Amino acid sequence: SLKMDSCSVFCVSGYQQANVIILPKHLANDFEAFCRRNPAPLQLLYRGQSGETSCLPLARHADIRYSGNCGRIHQQAVHRSHQWSSDMVCFYLGCSFGFEGSLKTAGVPVRNVEQGRNVSMYRTAVPCIPSGAFSCPLVVTMRPVPAAMLDAAVEVTSLNPMAHGAPVHIGEPALLGIQDLSRPDYGEQVELQPGDVTVFWACGVTAIEAILSSKPPLAFSHSPGCMFLTDIPDSSSSPLTPESTNTPLASHRAVARIRELEMTIGDDPGQRGIRVLFTQDELLRSCLALSHSFSVAITTGFPTHYMHSPPDETDGPPGAIAMATMLLSLGKQVTMVTDRRALEMNQAIIDEAVETGVLKHAIPLVTFEDSGPDSALHFLCHHGDPTKPRYDHLVAIERSGRAADGNYYNMRGVNIKHLVDPIDNLFIAAKGIPGIITTGIGDGGNELGMGKLKEKVKNLMPNGNLIACDVPADYAITAGVSNWGGYAVACGLYLLHTCPSHQRYLKKGLGEEPTTRQEQLQDCTANLPSVDKEESFLSTLVRFGIRSGKTGHLAMEVDGLTFHPTHSDMITRLLEATQGSTSQNH
């Protein structure tokens, strides 16, 4: 076989290729551990013995000493010899060139091959998990893929874990810390064609970065783009049926379960006609975005009972707390945003939720006051700087939404603007701030965020022309009762957290300590919504004088539907759809 040939800048169809790293024996165990902790960029195909120059499992007749002349020497002490010694250990790592032939077979254009160029490789701002002497940023390759062929590219490459597997990032290079695609750190610039999307795979050149950062006295590596060609056909990787193939964002099973949750919460026992507003996968997209978030602001509060004090209803706060509880268990920062008139009451409700065990600890509660044209910007961003947002996701659940005429209406068409702070301004301002995503959850079309569906609301919902919220969210989740949407978000986040495919994408293919993972998984399970917790929290709301939305009853009901059996049955169904799938969620 031809080894480390400069011609193999382009894919050699049908065979796996490898990155090669050669290190002194005293660093070998550290480097192997580094590979195990960062499996996507450093898929370890073979580790040689000390002084071993062959690699029989990969290529029967290879001798690394005579495998071409385009390797690199990394030497700290210039007086050291460049000659092979019995103290050196060879590592052979997976390479993404190994899947390019399969991409072509599947009809996915390989732009770097079409353009006669080496693939573009970029040093990211994502740190690998260190081990011993080795630590460095992740390096990725970028291949432009037509948007219509993303699924095919993901499916094909996920079938080849020896060649880095599925992508670790799609779109938005800046999220990886890549500021200029025209200046790759390794390889050559590859031009995007109209309709292409940037797709990034983990790259074995990460190993070269590890060598440069650890500064061993002597090391050898392949030169990026000049690969070690093995005897292993690229079809020899573990076969997966289409039903079990993983997308980069989540497994098909996880996606199917989240869609099941979305259909379940569309039940309409109150006969409000909410199904006409349904848009598929809004729940999925919102959960995926929330899973990637670091800091989330949640707002709720619909003062529909303007004749009572307090005027709020029991729909909204339970769903908000359910989402907050799950987000906190996933390590996210969570802030609740409320009206100034309700600040003291909501603080007392949160405190009681902690005392009763519904919440593990208090959630910061803040208000927003419109004191000038830049108020929303300063609320959302540190020092009003749009490049430094405090939050990366805003969620509104059963929150009064501003209509086209600037007023706020309940379902009966009564203007309740005097009871509502202009939190809508935050959602409007977020549209102009890169990196902030918004979600709205509602059950009537007059809630904050439902502006995304306003034409449907105007045409299909009672009083739609008057009450329709005019302020959109990026994602608009509809449910028979808004609380159910909050429960579904919590369950969807759990499904993503227990999905290895999603966790790989979320972590960019970089590993984590198993004990930490298990503890976090147990914490997430305990923080799912439950009948007991939701019943306890609803009773807290009732004690504070908060009433059912549709009837105004001060009772254990939401939107005129009693907790037992309607809401308790819904929670049970959502939990069955969620936990019943965990063991298969791969």
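- As annotated in an unreviewed UniProt entry, the protein chain is D-glutamate cyclase from Scophthalmus maximus.
- Database annotation for the protein chain, UniProt heading Sequence similarities (unreviewed entry): "Belongs to the D-glutamate cyclase family."

Side note on the overall build of the protein chain
1) Next: Broken down by element type, the protein chain carries 18 helices and 18 strands.
2) Next: Burial statistics for the protein chain: of 586 residues in total, 57% are counted as buried.
3) Next: In the protein chain, the share of contacts with a sequence separation of at least 24, taken over all contacts with a separation of at least 6, comes to 78%.
4) Next: A total of about 23,000 Å² of accessible surface is found on the protein chain, and carbon and sulfur atoms cover 53% of it.

Some points on the nonpolar core
1) Next: Counting 63 residues, the largest nonpolar core has Leu-261, Leu-283, Ile-298, Met-326 and Val-489 as its most contacted members.
2) Next: Counting residues per element, this core draws most heavily on helix H14 (residues 482-497), which supplies 10 residues.
3) Next: Aside from chain neighbours lying at most four places away, what touches Leu-283 is Ile-258, Leu-261, Glu-262, Ile-477, Ala-488 and Val-489.
4) Next: Formed by 40 residues, the second largest nonpolar core is a distinct cluster that contains Leu-27, Ala-40, Phe-91 and Val-139.

Observations concerning the side chain of Asn-19
1) Next: Along the polypeptide, Asn-19 turns up in strand E1 (residues 15-24).
2) Next: At 2.6 Å, the side chain of Asn-19 and the backbone oxygen of Gly-94 are in polar contact.

A word on the pairing of strand E15 (residues 437-442)
1) Next: Counted residue by residue, E15 has five buried out of six residues, so it is predominantly covered.
2) Next: Sheet analysis places strand E14 (residues 393-399) next to E15, joined by five bridges and oriented parallel. Residue pairing in the sheet places Val-395 in a bridge with Thr-439 of E15.
3) Next: Handedness of the crossover joining E14 and E15 through helix H11 (residues 424-430) is recorded here as right-handed.
4) Next: Pairing of E15 with strand E16 (residues 475-478), which is carried by four bridges, proceeds in the parallel orientation. Bridging from a neighbouring strand, Thr-439 pairs with Tyr-475 of E16.

Conventions and cut-offs
Residues numbered from 1 in each chain as written. Predicted model: local features only at pLDDT ≥ 70, side-chain atom pairs only at ≥ 80, totals over all residues. Heavy atoms only, no water. UniProt positions renumbered as here; feature names shortened; annotations may be inferred. Helix = DSSP H or I, 4+ residues; strand = E, 2+ residues; numbered from the N terminus. Buried < 20%, exposed > 50% of the residue type's maximum accessible area, 1.4 Å probe, protein only. Contact = heavy atoms within 4.5 Å. Areas by Shrake-Rupley, 256 points an atom, 1.4 Å probe, with all protein chains shown as cover. Core = buried A, V, L, I, M, F, W, Y, C linked by side-chain atoms within 4.5 Å. Polar contact = N/O pair within 3.5 Å; in protein donor to acceptor, adjacent residues only side chain to side chain. Pairing = 2+ DSSP bridges. Right-handed = clockwise from strand over helix to strand, strands pointing away.

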